[in-house]
Amino acid sequence: MTSGVSFDRSRVSDPALGPVAEKVIAGERLSLADGVTLFDTWDLLGLGAMADAANRARNGDRVTFAANQHINPTNICILRKTCVFCSYARLPKEEGAYHYTMDQVWEEAARVDGDITREFHIVGGLDMHAGLAYYTEMFAGLKARHPQVHVKALTAVEIAHIARIEKMSIRDVLIALREAGLDTMPGGGAEVFSPAVRATIADRKLSGEEYIDVHRTAHALGIRSNCTMLYGHVETHEDRVQHLTMLRDLQDETGGYLAYIPLAYHPDNNELGVELGRTGTATSGVDDLKNLAVGRLFLDNFQHVKSHWIMVTPAVSQMSLHFGVNDLEGTVVREKIYHEAGAHTAQAMSLEEIVRLIRGAGKVPAERDSFYNVLRTFDDADGPPPSHAEAA
Ligand code: V47
Ligand code: SF4
């Protein structure tokens, strides 16, 4: 098999990476041991060269983004005490708990710039008062008010919660939500699938197999989704690669995944951060780049790997465009989940800034819709790409 992936082998310095590099060039699937080798390596630039070549073979120099707005309608969550990495959730009577009425949702959505926002990204806690009717009314109301805006909403964990409180099957819940306006699902709630890690950081949350099952059911109904991995806490490199293997297997089966997004753990204002003595210490830039690059190389059946600039900083996101990333989380408006957990980045980035960031990396920016169709490019209208010196 020829992969179309080529790069100068002299850019790979770690001898342990040699056999993996040969496989990448030959278009051979990477094994679990290969994945672990990639995470173990000290040769960040060699890893980056491989991931960049794999990305270029699929996506060329184009880097996409979508102009979206996050809406987090409720932070009340029954797993508040057991997801020890989460800084966002509250118990119903706890200080700071909130649950939007529909009018509050319409008000928040009305902040969208009608010409710019193309996607609502809606996720929240597992709230006993947020059942099927709450979300069907919300999605139908949003579609009536903003018919052009795509609704990407509810993680697998939230879907399973709705099914449980309504005593319905996952399939029936998804069908009802789709009829109300659900277009695609985000990838949250995956964390790390390893049962041992889950028992430590997210005991009582849907298991890895159950997460995969919800996505399998969604894909069978034609509802496409993203997937994620929360890294940088107690997981081993083996745990990471096993997690990626489960995502790759489902993608082989359904082809329903749009993008993979590794999520960097933020340790502030949550129990886990205190327990690990990590308060104030986010993941390292090296580990952020490794997770993105290994995602690109190991998930050989994924077209898109997305970097979330809010979590890893715009600077690391910009560099990640040379480490296998072809998509940036877009102009996110009013993001709450990571800011509660200590992210110091801005809460939104303008379209102009994101275009400048991509061009500063020598890449070609394109705005996309939620299915990755290109909506507009910025080739000539803005003049030549800025020099590296003036970029971001
Ligand atoms: O499931 C919660 C994570 C996820 C923390 O699909 C934390 O396009 C870091 O999944 N530190 C929700 N992460 C967000 C999410 C997402 C984000 C952007 C794009 C997409 C997409 C999906 O946030 C949760 C959890 O894994 N999270 N707390 C924390 N302290
Ligand atoms: Fe609830 Fe999700 Fe936070 Fe867990 S991560 S406590 S399920 S909001």
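Since this is a predicted model, take the numbers as computed values, not measurements.

**Some thoughts on the environment of L17**
- As for its placement among the helices and strands, L17 is situated in the segment before α1 (18-26).
- The spatial distance from the C-alpha of L17 to the C-alpha of A51 is 12 Å, given a sequence separation of 34 residues.
- Apart from the residues lying within four places of it in its own chain, the contact partners of L17 are V12, T37, L38, T41, D43, G46, L47 and M50.

**Description of the site of ligand 2**
- As a matter of local geometry, ligand 2 sits amid C77, L79, C83, F85, C86, A89, G125 and K205.
- Class assignment of the residues belonging to the shell around ligand 2 gives a composition of six nonpolar, one polar and one charged.

**Topic: the packing of helix α7 (residues 170-180) against helix α9 (residues 208-220)**
- The N-to-C vectors of α7 and α9 enclose an angle of 50 degrees; their axes lie 10 Å apart at closest approach. Here α7 lies oblique to α9, going by the angle between them. The two elements α7 and α9 cross, and the hand of that crossing is right-handed. For the pair α7 and α9, the contacting residues are I170, R171 and L174 in the first and V214, T217 and A218 in the second.
- Per-class residue counts for the contact of α7 with α9 are four nonpolar, one polar and one charged.

**A short note on the sheet that holds strand β1 (residues 62-65)**
- The strand order across the open sheet built from seven strands is β5-β6-β7-β8-β1-β9-β10, with neighbouring strands paired in mixed fashion. With one partner strand each, in any of the chains shown, β5 (225-231) and β10 (374-377) form the two edges of the open sheet.

**Points about the domain arrangement of the protein chain**
- Looking at the protein chain, the domain boundaries give domain 1 (9-58) and domain 2 (60-391).
- Once you take the C-alpha centre of each, domain 1 and domain 2 turn out to be 27 Å apart.
- Facing 22 residues of domain 1, the contacting portion of domain 2 comprises 31 residues.
- Roughly 2500 Å² is buried in total at the junction of domain 1 and domain 2, and carbon and sulfur atoms are behind 61% of that figure.
- In this assembly, domain 1 and domain 2 are joined by four salt bridges.
- Between D61 and R56 there is a salt bridge whose closest N-O contact spans 2.7 Å.
- Where domain 1 meets domain 2, there are 13 residue pairs in polar contact (both at pLDDT 80 or more).
- With 11 residues, the top contributor of residues to the side of domain 1 that touches domain 2 is helix α3 (residues 44-59).
- By residue class, the composition of the side of domain 1 that touches domain 2 is 12 nonpolar, five polar and five charged.

Calculation criteria
Residues numbered from 1 in each chain as written. Chains lettered and ligands numbered in written order. Predicted model: local features only at pLDDT ≥ 70, side-chain atom pairs only at ≥ 80, totals over all residues. Heavy atoms only, no water. Helix = DSSP H or I, 4+ residues; strand = E, 2+ residues; numbered from the N terminus. Contact = heavy atoms within 4.5 Å. Near = heavy atom within 4 Å. Nonpolar A, V, L, I, M, F, W, Y, C, P; charged D, E, K, R; others polar. Axes fitted to C-alpha atoms, helices over the stretch in contact; angles between N-to-C directions. Parallel < 35°, antiparallel > 145°, perpendicular 65-115°, else oblique. Left-handed = near helix turned anticlockwise from the far one by under 90°. Pairing = 2+ DSSP bridges. Domains from an automatic or database assignment. Buried area = accessible area lost by both parts, 1.4 Å probe. Salt bridge = Lys/Arg side-chain N within 4 Å of Asp/Glu carboxyl O. Polar contact = N/O pair within 3.5 Å; in protein donor to acceptor, adjacent residues only side chain to side chain.

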